[in-house]
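An overview of the molecular structure
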Amino acid sequence: MGPVSAEEVLDELSVFELRCEGDEVPGKLVELCATHRLTAGDLANELIAFSTSKEHGALLTLDFLTIFEHEVLSKKFKALWKKDNRYSGIKDVNTIQELIDDEEDEENLLDAYTTPSKGSQKRNITTPENPRSKRTVTTRSPHLLFSPNSFSPSATPSQKYGSRSNRGEVVTSFGAVQGTAWSGKGGSSCSVKLFTSAEESLTKSYKFMFQKAVDIREVLTYRIEELGEDLKRHYKIDEFTSVISPAQEPITVLGQIACDGNGKLNAMSVILEGDREHSSGGQVPVDLSELKEYSFFPGQVVVMEGTNSTGGRLVVSKLYEGVPLPFHKPPEPAEDSEQQMVLVACGPYTTSDSITYDPMLDLVDVINKEKPDICILFGPFLDAKHQQVENCQLTGLFADVFKQCLKMLIEGTRSAGSQLVFLPSLRDVHHDYIYPQPPFAFPELAKEDKRRVHFVSDPCTLDINGVVFGLTSTDFLFHMGAEEISSSSGALDRFTRILKHVLTQRSYYPLYPPSDEMNIDYENFYNYVPLPVTPDVLVAPSELRYFVKDVLGCVCMNPGRLTKGQVGGTYGRLYVRRQDAGEERRSPCFAAQVVKI
């Protein structure tokens, strides 16, 4: 079947007295013929039947053609592939694209043995010096049908992203990497499950915006008391004293760090809010002049020793270090202790100047090439901060664009077989804007994908073949880094100090008051945000610089974001191996890298 011209389509439509509105409509009609392999007559017959059923009239608009393609042609396209025995079995987007590419190669071979007619359009010649780009998407490509690009009126690829020269470059490493090639087994022998039971994990949406100030105070009070009891037991402290009681002798007090005003915390504005049992919630200014080393942030629960001669100012002489939770010890011996490859990536998955999702397609290519056992994918998938989203320039619903993103990732990696874990972000424009954030709902998930696709909450603690992963898409590194004050000898950098706070405060988000962009439900915060154990691996994507560090025995990774404005960003990969129950503990993560996309 030769190419259909706009004149042929318009002639067929005129028979049924169908008219076009807008200059883009004829081009769209030709695109429909090419994409769905229809003749001009077939397209006209389908259009007259559809417009009659919808009682639309004889005027064809671009919006009407979009609905027509979605409700009629796309379904016929899928049915056609199922009927043809050449395409039997489960196929994904990449497999279909390969079949189409093979078909075009056959056409190119036939063209080499034929003489083109005088009026035919010249085909681009493919030579080793002038290769055909694999990124080029033909008008028949399934990527055109499944891509979120179809929801944008101006899906132009980002020039800066496409011209990058450092793709695949390793920017930081951790541990010993054996060889240069990373590869997994496609998740065939991998187990992914929630570390806590379903009753103790956030597995569905909930009602919010109903909390009272007194309920928030209760949650904060319980947190102070629980951490205080653990510190009291660990350091064998006899008793805590009220923060507002005058005392000439050194006393030990329990409380929460706060600022005496609305500004940023500094060494002169630190106050200690005492616990309810010993101090009845009283506050006292803190003098840090005698402390050589400290690191504080608002909301930090601390135990201090010092003097308070007048009851109006606490001069601190000693600060008790926080104590992390113990690591998880597997109850039974490891049946399969082979290494597992874990790939982690964080959105946005498209550059700020384009909605073409080329970075996501490149990530799919990486997954199909390296076949990691597990892929942990953090939001945002449709970024609320993207220019086209903020300006409401997308032609479809946000939820529909998000579903197309998921389909692209799930179907595009089906041949690799990797386990996929999806974690939401507060920047996902279509999802619940609340923390802790419930998992995505995706009832359209195909039956064959249900065993390998997992939707979890933010934050979340996972058990992956006996290795505990702590996951959160909330940028606590940026939020806490903006509020932390410190005085130290320089032995610990800022990232290490903040990560140490998270582990010793035993919470995925210990900052209070939270950042302005956070919307926290404190009842569910108390249930789902505390750490159940110290994780073996903590993945915390951030706007700040990527890194991999060992902090208190926990391997902490910031893989960065897949895109940074108009340019490509980074993703992370790790090798982990479960430890036998009887062995002395060592980190199950023995190698990690952060790589340019």
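As recorded in an unreviewed UniProt entry, the chain goes by the name DNA polymerase alpha subunit B, listed as coming from Alligator mississippiensis. Looking at the chain in UniProt, the text filed under Subcellular location (unreviewed entry) is "Nucleus". The UniProt entry for the chain carries the following text under Function (unreviewed entry): "Accessory subunit of the DNA polymerase alpha complex (also known as the alpha DNA polymerase-primase complex) which plays an essential role in the initiation of DNA synthesis."

The next subject is the sheet that holds strand 11 (residues 340–346). Two modes of strand pairing occur in sheets, parallel and antiparallel, and in both the strands are linked by backbone hydrogen bonds. Read across the open sheet, the 7 strands follow the order 3-24-23-11-12-13-14; overall the sheet is mixed. Whereas interior strands pair on both sides, the edge strands pair on one side only; in this sheet they are strand 3 (170–175) and strand 14 (453–455). Going from strand to strand, the sheet's axes swing by 15 degrees on average, the running direction of each strand aside. Examined bridge by bridge, strand 12 (residues 374–378) and strand 13 (residues 419–423) share 5 bridges and lie parallel to one another. Within strand 13, the position partnered with I374 by the bridge is Q419. Helix 10 (residues 358–370) rests against strand 11, strand 12 and strand 23 (570–576) of the sheet, and its axis sits at about 180 degrees to strand 11.

Time to look at the side chain of D275. Summarising the element assignment, D275 is placed in the loop between strand 6 (270–274) and helix 9 (276–279). Of the side chains bearing the opposite charge, R276 lies closest to the buried D275, which forms no salt bridge; the N-O distance is 8.3 Å. When neighbours within four sequence positions are excluded, D275 is seen to be in contact with I224, L254, G255, S280 and G281.

Glancing now at the nonpolar core. By size, the foremost hydrophobic cluster in this structure holds 36 residues, and its most contacted members are Y349, L363, F381 and F422. Of all the secondary-structure elements, those providing two or more residues to this core are strand 11, helix 10, strand 12, helix 12 (398–412) and strand 13. Looking at this core element by element, the count peaks at 7 residues for helix 12. With near-sequence residues (within four places) excluded, F422 lies in contact with L377, F381, L406, L409, I410, F440, V453, H454, F455 and V456. Among the nonpolar cores identified, the runner-up in size contains 31 residues, and Y435, F476, V529 and V551 belong to it.

Another aspect to go through is the packing of helix 10 against helix 12. For any two helices packed against each other, one specifies the crossing angle of their axes together with the interaxial distance. In contact at an axis separation of 10 Å, helix 10 and helix 12 are set at 20 degrees when each is read in the N-to-C sense. Comparing their axes, helix 12 and helix 10 come out roughly parallel. Considering how the two elements wind past one another, helix 10 and helix 12 form a crossing that is right-handed. Touching M360, L361, V364 and N368 of helix 10 are C405, M408, L409 and G412, all from helix 12.

So, on to the pairing of strand 9 (residues 301–308). Counting buried positions over the 8 residues of strand 9 gives 6, a clear majority of the element. When strand 5 (residues 247–259) meets strand 9, the two strands line up antiparallel, connected through 7 bridges. Note on strand 9: the bridge partner recorded for G255 is V302. Relative to strand 10 (residues 314–320), strand 9 runs antiparallel, the two being bridged by 5 bridges. Looking at strand 10, one finds that M304 is bridged to L319. Hairpin connection from strand 9 to strand 10: 5 residues lie between these consecutive antiparallel strands, with G311 at a positive phi of about 85 degrees.

Right, let's get into the confidence of the model for the chain. Looking at the chain, pLDDT values average 86 and 85% of them are 70 or higher. Within the model, the stretch residues 118–122 combines pLDDT values under 50 with 0 contacts to residues more than four positions away or in other chains. Low pLDDT, under 50, characterises residues 133–142; the stretch is placed with 24 contacts to residues that sit more than four places away or in other chains.

Turning to unusual backbone geometry, a few remarks are in order. Cis rather than trans, the peptide bond between G347 and P348 has omega equal to 10 degrees. Residue position: P348 is located in the loop between strand 11 and helix 10. Of note, the bond from Y435 into P436 is cis; its omega dihedral lies within 30 degrees of zero at 0 degrees. Counting through the fold element by element, P436 comes out in the loop between strand 13 and strand 14. Not every positive phi belongs to a glycine, and K371 is a case in point at roughly 50 degrees.

By the definition in use, this model includes 21 salt bridges. The shortest N-O distance in the salt bridge between K28 and E31 comes to 3.7 Å. Separated by 3 residues within a single helix, K28 and E31 lie in helix 2 (residues 24–36), roughly one turn from each other. Accessibility expressed as a relative area gives 28% for E31, which makes it partly exposed. The salt bridge involving R585 is made with D536; its shortest N-O contact spans 3.0 Å. One end of the pair, R585, is in the loop between strand 23 and strand 24 (589–596); the other, D536, is in the loop between helix 15 (522–528) and strand 18 (537–539), with 49 residues separating them in the sequence.

Rules and cut-offs
- Within each chain, residue numbers correspond to sequence positions counted from 1 in written order.
- Given that the model is predicted, a residue must reach a pLDDT of at least 70 before its local features are reported, and side-chain atom pairs must reach 80 or more before they are shown or counted; all residues, however, enter totals for whole chains, interfaces and linings.
- Water and hydrogen atoms play no part in the side-chain values, which are based on all heavy atoms of the structure.
- UniProt positions are given in the numbering used here, feature names are shortened, and annotations may be inferred rather than shown by experiment.
- Two strands qualify as a pair provided that DSSP identifies no fewer than 2 bridges between them.
- Put simply, DSSP H or I for four residues or longer makes a helix, DSSP E for two residues or longer makes a strand, and each gets a number counted from the N terminus.
- Every axis corresponds to a line fitted to the C-alpha atoms, with the helix fit spanning only the stretch in contact, and the corresponding angles, defined between N-to-C directions, vary from 0 to 180 degrees.
- Residue contacts follow a heavy-atom distance rule, with two residues in contact if any of their heavy atoms lie within 4.5 Å.
- Exposure classes here rest on a 1.4 Å probe applied to the protein chains alone. A residue is buried below 20% of its type maximum, exposed above 50%, and partly exposed in between.
- When charges are tallied, Lys and Arg are placed among the positive residues and Asp and Glu among the negative ones, while His and the ends of the chain are skipped.
- Any carboxyl oxygen of Asp or Glu that lies within 4 Å of a side-chain nitrogen of Lys or Arg is treated as forming a salt bridge with it.
- Each nonpolar core is a collection of buried residues, namely Ala, Val, Leu, Ile, Met, Phe, Trp, Tyr and Cys, held together in the definition by side-chain atoms within 4.5 Å.
- These descriptions rest on fixed angle ranges, namely under 35 degrees for roughly parallel, over 145 for roughly antiparallel, 65 to 115 for roughly perpendicular, and the rest for oblique.
- We call a crossing left-handed when the near helix sits turned anticlockwise from the far one by less than a right angle, and right-handed when that turn is clockwise.
- Scored between 0 and 100, pLDDT is the confidence that the predictor attaches to each residue.

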